[in-house]
Amino acid sequence: MIVLLGVLVVILGFATRRNPLLVVGVAGIATGLLGGLSPAGILKTFGESFASSRSVTVFAITLPVIGLLERNGLQQQARTLIGKLGKLTTGRFLTLYLLLRQLTAALGLQTIGGPAQSVRPMIAPMAEAAAERSNEGRPLPEKVREKVKSHAAGTDNVGLFFGEDCFLAIGSILLITGLVNSTYNTHLEPLHLALWAIPSAVCAFLIHGGRLLRLDRKLERELVVANAEFATADATKGNAK
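Residues numbered from 1 in each chain as written. Predicted model: local features only at pLDDT ≥ 70, side-chain atom pairs only at ≥ 80, totals over all residues. Heavy atoms only, no water.

**What to know about helix H7 (residues 115-134)**
Over its 20 residues, H7 runs only 25 Å from end to end, short of the ideal 28 Å by more than 12%, given 1.5 Å per residue. The sharpest bend along H7 measures roughly 35° and falls at Ile-123, with the proline Pro-125 sitting one to four residues further on. In terms of burial, H7 is largely enclosed, as 14 of its 20 residues are buried. (Helix = DSSP H or I, 4+ residues; strand = E, 2+ residues; numbered from the N terminus. Expected span 1.5 Å × (residues − 1). Bend = angle between axes of the 7 residues up to and from the residue. Buried < 20%, exposed > 50% of the residue type's maximum accessible area, 1.4 Å probe, protein only.)

Okay, here's the thing in C-alpha cells:
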C-alpha cells in the first residue's frame, strides 16, 4: 500500500496549484522508487508508456481542420443550433455533453472530444448561446462568459478523466497492470481495473452533473446583478448628459 503514496503527491501538488506536468512526473518517480524500481527502470517505464501512448498527439493533426471550420462559420452554426432548442439551458447542455464524453471515452474514443477538437469550436459557443438566450438575447458580461467557458472545459476534462479508465486498453490501465504484475509477481487483468473504474465514473457523473444543473441558478443570479449594474451605469450616463 505504500506505493499509493504517489497519489498523495498528486493531491498535494494539485491542491497547492503546482505545474501539473511536474506534479505527475514527481508522482510517477516517487511511485516507481517506492515500488522498488531503479532510476533506470523508472526511465524505461516512462519511455515505454510514452511510446505505447504516442497516439494521444494525433489531435494536432486535427487543428488545421478545426481552424478551417471555424473560419467558415462553425461557431455561428453551433450557436444557431442551440438557439433552436428552447428548453436546453447551459447546465443541461453541459450535463448531456458530460454523459456523451464519458461514454465515448469508455469506448476508447478519447480524441473525439477535447479542448481543441470540440470545446473551443462547438461546446463553449453552444453553452454561451444557451446562457445568452436565458439573458433575453443580451450579450453576456465578460465574467459570466469566462465562467461558462471554464465549465465547458472542465466538463470535458471530468468526462474524459473518469470515462477513459473504463476502457481496458487505455495507457494508464496497461501501465498499472504492467507495473503491479512485474513488481509483485501477480496476475492482474486490465479488465478487472476497468470494471472497478465504472462506479467511480458513475459517481463523477452524478456529482459533476449536479454541479452543472446548479450552474443555471448561479448564472441567473449573476446575470440579474450584472444587468442591474449595467442599467444603473446607463442611467447615470443619461443623467450626466
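Past the structure itself, the notes keep going.
**Quick look at the nonpolar core**
Ile-82, Phe-93, Leu-94, Ile-123, Val-144, Val-148 and Ala-152 are the most contacted members of the largest nonpolar core, which totals 23 residues. Where this core is concerned, the elements lending two or more residues are helix H6 (90-106), H7, helix H8 (142-164) and helix H10 (190-240). Among the elements that line this core, the one with the most residues is H7, at 8 residues. In this structure Leu-94 touches Ile-123, Ala-127, His-151, Ala-152, Thr-155, Leu-212 and Leu-215, once residues within four positions along its chain are discounted. (Core = buried A, V, L, I, M, F, W, Y, C linked by side-chain atoms within 4.5 Å. Contact = heavy atoms within 4.5 Å.)

**Concerning the packing of aromatic side chains**
Inspection of every chain in the model, using the stated rule, returns 1 aromatic pair. With centroids separated by 5.1 Å and ring planes inclined at 75°, the aromatic side chains of Phe-161 and Phe-162 adopt a geometry described as edge-to-face. Take Phe-161: its relative accessible area is 51%, and that puts it in the exposed class. (Phe/Tyr/Trp six-rings, centres within 6.5 Å; stacked < 30°, edge-to-face > 60°.)

**Structural notes on the pattern of salt bridges**
If you walk through the whole model with that rule in mind, you get 5 salt bridges. Residues Arg-101 and Asp-156 are paired through a salt bridge, measuring 2.9 Å at the closest nitrogen-oxygen approach. One end of the pair, Arg-101, is in helix H6; the other, Asp-156, is in helix H8, and 55 residues separate them in sequence. On the basis of relative accessibility, which here comes to 2%, the residue Arg-101 falls in the buried class. (Salt bridge = Lys/Arg side-chain N within 4 Å of Asp/Glu carboxyl O.)

**Brief notes about the confidence of the model for the chain**
The pLDDT averaged across the chain works out to 80; a share of 82% of its residues lies at or above 70. In the model of the chain, helix H4 (residues 59-71) stands out as the element of lowest mean pLDDT, 68, in contrast to H6, which has the highest, 92. (pLDDT = per-residue confidence, 0-100.)

**So, the side chain of Glu-164**
Mapped onto the secondary structure, Glu-164 falls in helix H8. No salt bridge forms around the buried Glu-164; measuring N to O, its nearest opposite-charge neighbour Arg-101 is 7.5 Å away. In contact with Glu-164, other than residues within four places in its own chain, are Ala-105, Gln-110 and Ile-170. (Lys, Arg positive; Asp, Glu negative; His and termini not counted.)

**What about the packing of helix H1 (residues 5-15) against helix H2 (residues 20-34)?**
Packing of H1 against H2 brings their axes to within 8 Å, and their N-to-C directions diverge by 160°. Comparing their axes, H2 and H1 come out roughly antiparallel. H2 is crossed by H1, and the crossing has right-handed handedness. Residues Leu-5, Gly-6, Val-9, Val-10, Gly-13 and Phe-14 of H1 touch H2, and the partners they reach there are Pro-20, Val-23, Val-24, Val-26, Ala-27, Thr-31 and Leu-34. Of the residues in the contact of H1 with H2, the class split is 10 nonpolar, 3 polar and no charged. (Axes fitted to C-alpha atoms, helices over the stretch in contact; angles between N-to-C directions. Parallel < 35°, antiparallel > 145°, perpendicular 65-115°, else oblique. Left-handed = near helix turned anticlockwise from the far one by under 90°. Nonpolar A, V, L, I, M, F, W, Y, C, P; charged D, E, K, R; others polar.)

**Brief notes about helix H9 (residues 171-184)**
Spanning 14 residues, H9 covers 20 Å between terminal C-alpha atoms, matching the ideal 20 Å at 1.5 Å per step. Looking one or two residues beyond H9, the residue adopting positive phi is Asn-185, at roughly 55°.

**A closer look at a nonpolar patch on the surface**
On the surface, a nonpolar cluster with roughly 710 Å² of combined accessible area is contributed by Ile-2, Leu-4, Leu-5, Val-7, Leu-8, Ile-11, Leu-12 and Leu-34. Counting residues per element, the nonpolar patch draws most heavily on H1, at 5 residues. Relative to the assigned elements, Val-7 resides in helix H1. (Patch = residues over 30% accessible without salt bridge, like charges linked within 9 Å, V, L, I, M, F, W, Y side chains within 5 Å. Areas by Shrake-Rupley, 256 points an atom, 1.4 Å probe, with all protein chains shown as cover.)

**Description of the environment of Leu-179**
Note on placement: Leu-179 falls in helix H9. Judged by relative accessible area, Leu-179 falls into the partly exposed class, the value being 24%. Look past the residues within four positions of Leu-179 in its chain and what remains in contact with it is Thr-31 and Leu-37.

**Details of unusual backbone geometry**
Glycine aside, the phi torsion of most residues is negative, and most peptide linkages are trans. Residue Arg-17 is not a glycine yet carries a positive backbone phi of 60°. Position of Arg-17 relative to the elements: it lies in the loop between H1 and H2. Under the relative-accessibility criterion, Arg-17 is labelled exposed at 77%.

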